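Below, each chain spelled out in residue letters.
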Amino acid sequence: MAKGQKAALDAAKYRRFYEQMVHIREFEEECLRAFQRGGHGIGGYLHLYSGEEAIAVGIIGALDLSAGDCLIGHYRDHAYALAVGSPPGPVMAEICGKYDGCSKGKGGSMHICDAERGFYGGYGIVGGNVPIALGLGWALKYRQQAGVAVCFFGDGSMNQGAFHETLNMAQLYKVPVLFVLENNGYAMGTSIERSHANTDLTDRVSSYNMNRKKIDGQNIVTVYEEVSKIVADMKANPAPFFLECDTYRFHGHGAADEAKQTVVYRTKAEIEAAKANRDPIAIAAEILLEAGVITDDDIVRIHEEAVVEAKAAMKFSDDSPVPPADELLKDVYA
Ligand SMILES: Cc1ncc(C[n+]2csc(CCOP(=O)(O)OP(=O)(O)O)c2C)c(N)n1
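So, how was this worked out
Residues numbered from 1 in each chain as written. Predicted model: local features only at pLDDT ≥ 70, side-chain atom pairs only at ≥ 80, totals over all residues. Heavy atoms only, no water. UniProt positions renumbered as here; feature names shortened; annotations may be inferred. Buried < 20%, exposed > 50% of the residue type's maximum accessible area, 1.4 Å probe, protein only. Helix = DSSP H or I, 4+ residues; strand = E, 2+ residues; numbered from the N terminus. Pairing = 2+ DSSP bridges. Phe/Tyr/Trp six-rings, centres within 6.5 Å; stacked < 30°, edge-to-face > 60°. Axes fitted to C-alpha atoms, helices over the stretch in contact; angles between N-to-C directions. Contact = heavy atoms within 4.5 Å.

The protein is annotated in an unreviewed UniProt entry as Pyruvate dehydrogenase E1 component alpha subunit from Armatimonas rosea. Turning to the protein, the UniProt annotation filed under Cofactor (unreviewed entry) states: "thiamine diphosphate".

Shown next, in the form of structure tokens:
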């Protein structure tokens, strides 16, 4: 649905989606501030999802996690955890390397996980989660469960050999994996023009004879409605699907390149234009206000609640101890 179009929307559902997007945004802004001021334990990696929230929220909102649907992410993974309903405190504590984190502080920002809620984790190796998603989908098929496995990845993954082996096998064996390309235009500082011989990335998978579509990843209504249809079809006739979501990331690749991104690979004007015209939260606000789903007061209240929740998550993390030394080798498999 385009901006400005009136539609009857499920008010409770879309209010919830809007809240989730704002909560994810504020949670990550709190992470960035903590990274920049230091002292909270966020060292090394911190990859923020700001600008891409409608994808995680719309897609996860279209799944039935309690009935077997599941997902695996890549390293830009905080939003997936929050969207499946992981409590923000343990997610923040994990990002900060604390003992009350969802992986006891051993995973960090790139490895948030909540298998009980169907989220099989973030993944630090670019493209490494793609064959694992095939295994998740295969398990559903093998057990004759009517679910789908969702795999989120960026355009960088599409230049890995394992990506192409996985798509070929998924289509050959009709494994119900929804492959979700979050195309934000860059892999670290490399634009798709500099790394893909064919920049039409949906067209790139045509050789696998797989159902595929490209959508606007900034519009929560589009994402939710399209994915609801796709998932219903995948459950009726198990087969994989490739979905390209056109999106943009507002921050640097990681918090560490926040300051130098505009010197190295993109202009400040490009980022500012995306923030002004392609912010999924602003787009949702406009659509939902017009549809009468939320009010201006709701917007203010939701934002304030999100700020309070993010600060409480950081306090939870700050109050948590660092993992004790005798934990170092526990739960470590490789
Ligand atoms: C196998 C492998 N090679 C290189 C890296 C270093 N690396 C980390 S993120 C990244 C870029 C990935 O970009 P993309 O898949 O487009 O995801 P985005 O950051 O845009 O969400 C690279 C090359 C890695 N983590 N794994």
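After presenting the structure, the write-up continues.
Colleague: Lay out the pairing of strand β2 (residues 149–154) with the relevant residues and their values.
Modeller: When you tally the buried positions in β2, you get six out of six residues, the bulk of the element. The alternating pattern of β2 places Ala149, Cys151 and Phe153 and Val150, Phe152 and Gly154 on opposite faces, both of which are buried. Relative to β2, strand β1 (residues 70–72) runs parallel, the two sharing three bridges. By the bridge assignment, Cys70 is partnered in β2 with Ala149. In this sheet, strand β3 (residues 177–183) lies alongside β2 in parallel orientation, the contact comprising six bridges. Considered in β3, the bridge of Ala149 is made with Val177.

Colleague: Summarise the packing of aromatic side chains; cite the residues concerned and give the values.
Modeller: Applying the stated rule across the entire model yields eleven aromatic pairs. Centroid distance Tyr14 to Tyr224: 5.9 Å. Interplanar angle 85°. Geometry classified as edge-to-face. Of the two residues, Tyr14 is situated in helix α1 (residues 11–37) and Tyr224 in helix α9 (residues 220–236); the sequence distance between them amounts to 210 residues. Pair check on accessibility: Tyr14 and Tyr224 agree, each one buried. Taken together, the aromatic side chains of Tyr49, Tyr80, Phe119 and Phe152 make up a single cluster linked through ring pairs.

Colleague: Describe the sheet that holds β2, listing the residues and the values that go with them.
Modeller: Here five strands make up an open sheet; going across it, the order is β1-β2-β3-β7-β6 and the pairing parallel. In this open sheet, the two strands that pair with only one neighbour each are β1 and β6 (211–216). In this sheet, neighbouring strand axes are inclined to one another by 20° on average, regardless of whether the strands run parallel or antiparallel. In terms of strand pairing, β3 meets strand β7 (residues 241–246) through six bridges, oriented parallel. Bridge pairing links Val180 to Leu243 in β7. Set on the sheet, helix α5 (residues 129–142) makes contact with β1, β2 and β3; between it and β2 the angle comes to about 170°.

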